[in-house]
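Residues per chain, in single letters:
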Amino acid sequence: MAAFASTEWLQAFHEAINASKAYEDAAKTWEGDFYFIVEPESSQTKPVYMYVDLWHGKSRRVFIAKSESEMQPEFVISAPTNVWKKVVEKRLDPIQGLITRQLKLKGNLAKIMRAVKAAQELVNCTTKVQTEFST
Amino acid sequence: MARFIIFHTGPQDVSQDVVVEAARAVMCSLPNDVKWLNSWYVPSENRLICEWEAADEKTVRSALKEVMALWPIELMHEVVHIEPDWYK
């Protein structure tokens, strides 16, 4: 069991992506990197910046960035833990989350919409990781 | 009331804020006699297919005028609804 958005969780997510034939097929033309940001729940906590570089159906590199300025990914998706939890538990479709702004996006929404199957398979990869949520 | 199916061309590059604000603007400004029933996005063609209920085509076009630049109308057809349950 790995705590959501920890280094251990992110590494397991990376491995789950690279083990997924369904993701590989759905994202075979995808080129684009992300920050998945977990917003702080209170002023006592800090945001977590998960950097994920996705390329042609594989995850090339993942790490927790020290600050948002460390990388300049094509897409930044941010939400508080409770919303990420809904996505990981498949109670919120990622595309629904994006077009209703429950998941806040910086970047070209149209490019992600055209890759809807890849987005759904990416969520399926998170379900392969035994995840523990703090909330 | 008549039903209409509309095919929109999607933008190639658009921010989340623009899409969400446009959709909310449409919903907030709808007259009582026009209803947005549902929509389907076609990823392979970047098209949006929407179903509307209104008195006539002109009323639907008027309701959509604020988002025409973002999602231009490619085709609009008045349609007749068919329910699969009718054949049970």
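Refer to the structure above for everything that follows.
Cut-offs applied
Counting restarts for each chain, with residues numbered from 1 along the sequence as it is written. The naming scheme follows written order: chains are lettered A onward, ligands numbered 1 onward. Whole-chain, interface and lining totals are the exception, using all residues; otherwise, since this is a predicted model, local features are given only for residues with pLDDT of at least 70 and side-chain atom pairs are given and counted only at 80 or more. Where helices and strands are cited, they refer to DSSP runs of H or I of at least four residues and of E of at least two residues respectively, numbered from the N terminus. We compute the radius of gyration over the C-alpha atoms and compare it with the globule rule, which gives 2.2 Å times the number of residues raised to the power 0.38. Exposure is read from a count of other C-beta atoms within 10 Å of each residue's own; the residue is exposed at 12 or fewer, buried at 20 or more and partly exposed in between. C-beta atoms are placed from the backbone. A pair of residues counts as a contact when their C-beta atoms, built from backbone coordinates, are within 7 Å of each other. The arc under discussion is defined with respect to the helix axis, by the directions toward the C-beta atoms. Under the convention adopted here, Pro, Cys and the residues Ala, Val, Leu, Ile, Met, Phe, Trp and Tyr are nonpolar, Asp, Glu, Lys and Arg are charged, and Gly plus all remaining residues are polar. Here, strands pair whenever DSSP counts at least two bridges between them. Here an angle of 0 to 180 degrees is reported between the N-to-C directions of two axes, which are lines fitted to C-alpha atoms, with helices fitted over the stretch in contact. Orientation categories follow fixed angle ranges, with anything under 35 degrees roughly parallel, anything over 145 roughly antiparallel, 65 to 115 roughly perpendicular, and all other angles oblique. Crossing handedness is read from the near helix: turned anticlockwise from the far helix by less than a right angle, it gives a left-handed crossing, and turned clockwise, a right-handed one. To estimate how far a helix should reach, multiply one less than its number of residues by 1.5 Å.

Caption draft 1: A look at the overall build of chain A. Across its full length, chain A carries six helices and seven strands. Going residue by residue from the N terminus, the α and β elements of chain A occur as β-α-α-β-β-β-β-α-α-β-α-α-β. On C-alpha atoms alone, chain A measures out to a radius of gyration of 14 Å, which is about the 14 Å that the 2.2 N^0.38 rule sets for 135 residues. When the 135 residues of chain A are sorted by exposure, 36% land in the buried category. The contacts of chain A with a sequence gap of at least 6 include a subset with a gap of at least 24, amounting to 67%.

Caption draft 2: Spotlight on the overall build of chain B. When you go through chain B residue by residue, the secondary structure sums to two helices and four strands. Overall, the C-alpha framework of chain B stretches about 45 × 30 × 20 Å when taken along its three principal axes. When burial is assessed residue by residue, chain B has 15% of its 88 residues classed as buried. For chain B, the share of sequence-separated contacts (at least 6 apart) that also reach a separation of at least 24 residues comes to 70%.

Caption draft 3: Helix α6 (residues 116–126) of chain A, seen in detail. Residue and element names in this part refer to chain A. Here α6 has its buried residues at Ala-118, Ala-119, Glu-121, Leu-122, Cys-125 and Thr-126. Buried residues in α6, looked at end-on, bunch into an arc of 165°, giving them a common side. Residues of α6 that are buried in the fold lie against α1 (7–19), α2 (21–26), α3 (81–88), α4 (94–99) and α5 (109–114).

Caption draft 4: Fine view of the interface of chain A and chain B. Facing the ten residues of chain A at the interface are twelve residues of chain B. Only α4 and α5 of chain A provide two or more residues apiece to the side of chain A that touches chain B. Looking at the side of chain A that touches chain B, the element that brings in the most residues is α5(A), giving four residues. Per-class residue counts for the side of chain A that touches chain B are seven nonpolar, one polar and two charged.

Caption draft 5: Spatial organisation of the pairing of strand β1 (residues 2–9) of chain B. In this structure, β1(B) lies alongside strand β3 (residues 47–54) of chain B, joined through eight bridges in antiparallel fashion. Paired with Ile6(B) across the bridge in β3(B) is Cys50(B).

Caption draft 6: Broad picture of the packing of α1(A) against α6(A). All names here are of chain A. One can describe the packing of α1 onto α6 by two numbers: an axis separation of 8 Å at closest approach and a directional angle of 125°. On the basis of the axis angle, α1 is oblique to α6. Here the hand of the crossing between α1 and α6 comes out right-handed. Contacts between α1 and α6 involve Phe-13, Ala-16 and Ile-17 from the former and Leu-122, Cys-125 and Thr-126 from the latter. Counted by class, the contact of α1 with α6 contains five nonpolar, one polar and no charged residues.

Caption draft 7: α1(A), seen in detail. For α1(A), with 13 residues, the first-to-last C-alpha span of 18 Å sits near the 18 Å given by 1.5 Å per residue. For α1(A), the secondary structure elements touched by its buried residues are β1 (2–3), α2, β3 (48–55), β4 (58–65), α6 and β7 (131–132) of chain A.

Caption draft 8: Quick peek at the sheet that holds strand β2 (residues 35–42) of chain B. Residue and element names in this part refer to chain B. The strand order across the open sheet formed by four strands is β2-β3-β1-β4, and the pairing between neighbours is antiparallel. Both outer strands of the open sheet, β2 and β4 (73–79), are each paired with one neighbouring strand and no more. Pairs of neighbouring strands in the sheet enclose a mean axial angle of 20°, with direction left out of account.

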